[in-house]
Amino acid sequence: MASAINSWKKLLIPVLISFLAVAASSFKIFNTEEGKPLSPTDFVIDADHNQLIVVQKTGKRIDFADLLSGEITASVPTELPPNGICFGDSGSVYVTCSHSTGYVLKLDRATRKTVGKLSAGHGANSPVYSKSRGLLYVANQFNDDVSVIHPTDGQEISRIKVRRQPMAMDITPDNNWLYVANLLPATRADIDTVAAEVSVIDLGKNKAIKHLKLSNGSNALRGIKIAPNGKHAFISHNLGRFQVPTSQLEQGWMNTSALSIIDIDRQHVIGTILLDEPERGAAGSWGVDVNERVIVVNHSGTHDYSVIDYEEMLEKLEKVEDREALSYDLRFLTDIRQRHPVSGDGPRAIKINGNKIYNALYFADAIQIDDLNTRKNISVVALNPGLRIDSVRLGEMVFNDARHCFQQWQSCNGCHPNEARTDGLNWDLLNDGIGNPKNCKSMLLAHKTPPSMISGIRPTAEIAVRAGFRHIQFAQIDEGMARAVDQYLMSLQPVPSPYLVDGKLSGKAERGKKVFEKIKCNHCHSGPYFTDQKKHKIGDPGSSDRNDSWDTPTLLEVWRTGPYLHDGRSVTIEDLLVNEKHGVFQELKKDDLDDLIEYVLSL
């Protein structure tokens, strides 16, 4: 562990000296108990009360910080981790919170107190308030839908189905359309085109009327912002080149970072531009904002942000004849974009307010404020001056840090977004030959369920982690840091299934459990993690398979790890059981099959 800390110091000491100097000179010190990480994940600038209202995810609290002094004037605890915030009506803000369920807190900006609690769906995030309609919209990541809530009486009016794991939303200035960025592709992975989509909701009809597919390989859609003129929506995301073997990283061969542009009037994707440079990645596209002049985008893995000239970008885009080729052009932003470093790790939410840029530094527990015109730092709101980094937090930082990758093209998060889960793509890794792509696995419980990789090629997750840095990141990592990544991955816990009822199996799932045992699904999916940790022959081989047996995956969190099988050919569990006859050696009645599916999805 000592070697890891020493290596980390070499990277961070110059940044921390600058950061602490600014903090000490500009702000009063607010001591956070025990210095545990807070993780600012979203915020609003409340000019009426001269304060920042900051959502602290792992700190499970909402902080009110004075804009002039930087002092935290109030802190509201939350039961579940908060993750998103928006302005509401009558001097209020709405904050989404979620883990085992989801809800929205209503807080008074003046009194800095909670004045209401509204029910929402599982994975509630990205609240959007429509002033003209008097309605609150909440993305429910794990229900794959959007809640429509009347905040006055707290009634949930309806749910609007979207695609897979909605994670970011924005509303048009006329309040007629809601654009929803879905985190992951919703298709099978063994086809030529696999990409996440942006759902377009007609708020007059409370219905998604379109799902706009982004460029091939688009995944991890984390940010969306509609321009004040209502003409364009900008979506920040990852762009995976899953069609080629992972034999190199140069020129964005494996993963690139992108910004897609949607024409609002035509409800059409204009194109996707790359945020990377020819020999320098911009890994971890996250927050995005736009005003009349510029677009700003955070790069959470390279710890900087881009400022793009809005008008010049449109003019340059107009001259591009081949819009599909645009998503391979690493020079498009040359001369119309500048990149600027931040003073701490993990910039995520970013917002323009007047002539200032506000940036939430997730791993530094701070809000950095820069001048929009000069890009010079004005101040840093130190939310947690006593911040302490333990081995688990260090591992999370390394996992999300593209500095541990050749030319900073990607971090581990590049293929395992959303807390080390899956990107929904097939990858042709070179650990067992070439030309045989396999579906990306979630890393949840990897250390407890060896062997690793779907082919079982790595005996343990510890070996797989180190091999990943060597053969996927093309970098050597300090052993202490590798152990920290192990600690982080081992700390991950399954999210309770949205199919549970009050945290328990439904009657339908209880019946499905009996079917599961009757037809001997527990022969392979056994034990506390629902895996015998052995390899088995399953289904018909794919056209590119080199193996005839595959590692038995855990069924915990299987509800969020599709598509299924080693090559991602099955979109749903039903497809897996019915079309692939996976593990079902006898005909099941429709009711029994439905019960079985309900049980498996409840794990």
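Further up the page is the structure itself.
Conventions we followed
Residues numbered from 1 in each chain as written. Predicted model: local features only at pLDDT ≥ 70, side-chain atom pairs only at ≥ 80, totals over all residues. Heavy atoms only, no water. Helix = DSSP H or I, 4+ residues; strand = E, 2+ residues; numbered from the N terminus. Rg over C-alpha atoms; globule rule 2.2 N^0.38 Å. Buried < 20%, exposed > 50% of the residue type's maximum accessible area, 1.4 Å probe, protein only. Areas by Shrake-Rupley, 256 points an atom, 1.4 Å probe, with all protein chains shown as cover. Lys, Arg positive; Asp, Glu negative; His and termini not counted. Charge placed at Lys NZ, Arg CZ, Asp CG, Glu CD. Phe/Tyr/Trp six-rings, centres within 6.5 Å; stacked < 30°, edge-to-face > 60°. Lys NZ or Arg CZ within 6 Å of the ring centre and 35° of its normal. Salt bridge = Lys/Arg side-chain N within 4 Å of Asp/Glu carboxyl O. Pairing = 2+ DSSP bridges. Axes fitted to C-alpha atoms, helices over the stretch in contact; angles between N-to-C directions. Patch = residues over 30% accessible without salt bridge, like charges linked within 9 Å, V, L, I, M, F, W, Y side chains within 5 Å. Core = buried A, V, L, I, M, F, W, Y, C linked by side-chain atoms within 4.5 Å. Contact = heavy atoms within 4.5 Å. Parallel < 35°, antiparallel > 145°, perpendicular 65-115°, else oblique. Nonpolar A, V, L, I, M, F, W, Y, C, P; charged D, E, K, R; others polar.

Caption draft 1: Seen up close, the overall build of the protein. Along the protein, the regular secondary structure elements total 10 helices and 32 strands. Against the compact-globule benchmark of 25 Å for 603 residues, the protein has a radius of gyration of 23 Å, which places it among compact chains. Overall size of the protein, expressed as C-alpha extent along the three principal axes, is 70 × 55 × 55 Å. Out of the 603 residues in the protein, the part that is buried amounts to 59%. For the protein, the computed accessible surface area is about 24200 Å², with 50% contributed by carbon and sulfur atoms. Side chains of the protein carry 68 positive and 74 negative charges; the gap between the two charge centres is 3 Å.

Caption draft 2: Inspection of the packing of aromatic side chains at higher detail. In total, this model carries seven aromatic pairs according to the counting rule given. Measuring from ring centre to ring centre gives 5.2 Å for Phe-516 and Tyr-599, while their planes differ by 70°; the resulting arrangement is edge-to-face. Placement of the pair is Phe-516 in helix H8 (residues 507-518) and Tyr-599 in helix H10 (residues 590-601), with a sequence separation of 83 residues. With respect to burial, Phe-516 and Tyr-599 carry one shared label: buried. The residue whose ring lies beneath Arg-241 is Tyr-328, and the NZ or CZ to ring-centre distance is 4.0 Å.

Caption draft 3: Region of the structure containing the pattern of salt bridges. Under the defined criterion, the tally for this structure stands at 31 salt bridges. The closest approach of N and O atoms between Lys-351 and Asp-42, which form a salt bridge, is 3.1 Å. Placement of Lys-351 in strand S25 (residues 347-353) and of Asp-42 in strand S1 (residues 40-46) is noted, with a sequence separation of 309 residues between them. Residue Asp-42 is classed as buried on the basis of its relative accessible area, which comes to 13%. A salt bridge links Arg-61 to Asp-63; its shortest N-O distance comes to 2.8 Å. Judged by its relative accessible area of 12%, Arg-61 is buried. Of the residues examined, Asp-63 reaches a relative accessible area of 0% and is grouped as buried. Ionic contacts of the salt-bridge type, sharing partners, join the residues Glu-277, Arg-280, Asp-304 and Arg-339 into one network.

Caption draft 4: Summary view of the sheet that holds strand S28 (residues 377-382). Spatial strand order, S25-S26-S27-S28: four strands in an open sheet with antiparallel pairing. On the outer flanks of this sheet lie S25 and S28, each paired with one strand and no other. Taken pair by pair, the neighbouring strands of this sheet meet at an average axis angle of 20°, ignoring direction. Where S25 meets strand S26 (residues 356-361), five bridges bridge the pair, whose relative direction is antiparallel. Opposite Pro-347, over in S26, you have Leu-361 as the bridge partner.

Caption draft 5: Spatial organisation of a negative patch on the surface. Where like charges cluster on the molecular surface, the negative patch consists of Glu-311, Glu-312, Glu-315 and Asp-335. Within the secondary structure layout, Glu-312 lies in helix H2 (residues 310-318).

Caption draft 6: Representation of the nonpolar core within the structure. Counting 43 residues, the largest nonpolar core has Phe-399, Leu-489, Phe-516, Ile-573 and Leu-596 as the members making the most contacts within it. Contributions of two or more residues to this core are made by helix H4 (391-399), helix H6 (461-471), helix H7 (479-491), H8, helix H9 (573-578) and H10. Setting aside its immediate chain neighbours within four residues, Leu-489 contacts Phe-399, Ala-420, Met-443, His-447 and Val-465. Ranked by size, the runner-up nonpolar core spans 20 residues in total, among them Ala-227, Ile-273, Ile-295 and Met-313.

Caption draft 7: Layout of unusual backbone geometry. Going from Pro-450 to Pro-451, the amide bond is cis rather than trans, its omega being 0°. Looking at where Pro-451 falls in the secondary structure, it is placed in the loop between strand S30 (438-439) and H6. Put simply, Gly-562 and Pro-563 share a cis peptide bond, and its omega is 0°. When you line up the elements, Pro-563 lands in the loop between strand S32 (550-551) and H9. For Lys-60, which is not a glycine, the phi torsion comes out positive at approximately 50°. Considering the arrangement of structural elements, one finds Lys-60 in the loop between strand S2 (51-56) and strand S3 (61-66). Using a relative accessible area of 38% as the deciding quantity, one classes Lys-60 as partly exposed. Here Ala-420, not a glycine, exhibits a phi torsion of approximately 65°, which is positive.

Caption draft 8: Highlighting the packing of H8 against H10. Here H8 crosses H10 at 100°, and the two axes come no closer than 7 Å. Between H8 and H10, the interaxial angle falls into the category roughly perpendicular. Residues Lys-508, Ala-509, Arg-511, Gly-512, Lys-513, Val-515 and Phe-516 of H8 pack against Asp-592, Asp-594, Asp-595, Leu-596, Glu-598, Tyr-599 and Val-600 of H10. Class assignment for the residues of the contact of H8 with H10 results in six nonpolar, one polar and seven charged.

Caption draft 9: Region of the structure containing the pairing of strand S17 (residues 218-226). Counting buried residues along S17, eight of its nine residues qualify, which places the element largely inside the surrounding structure. Bridge count for S17 against strand S18 (residues 232-240) is six bridges, and the pairing is antiparallel. By the bridge assignment for S18, Ile-226 is matched with Ala-233. Taking the residues that link successive antiparallel strands as the turn, the S17-S18 hairpin has five residues, and the phi of Gly-230 there is positive, at about 70°.

Caption draft 10: How the structure looks around the sheet that holds strand S19 (residues 255-263). The antiparallel open sheet is built from four strands, whose spatial order is S17-S18-S19-S20. The sheet is open, and its two borders are formed by S17 and strand S20 (268-274), each paired with just one other strand. Ignoring which end each strand starts from, the neighbouring axes of this sheet average 25° apart. In this structure, S19 lies alongside S20, joined through six bridges in antiparallel fashion. Residue pairing across strands places Ile-262 opposite Val-269, the latter belonging to S20. The sheet strands contacting H2 are S18, S19 and S20, and the helix crosses S18 at an angle near 70°.

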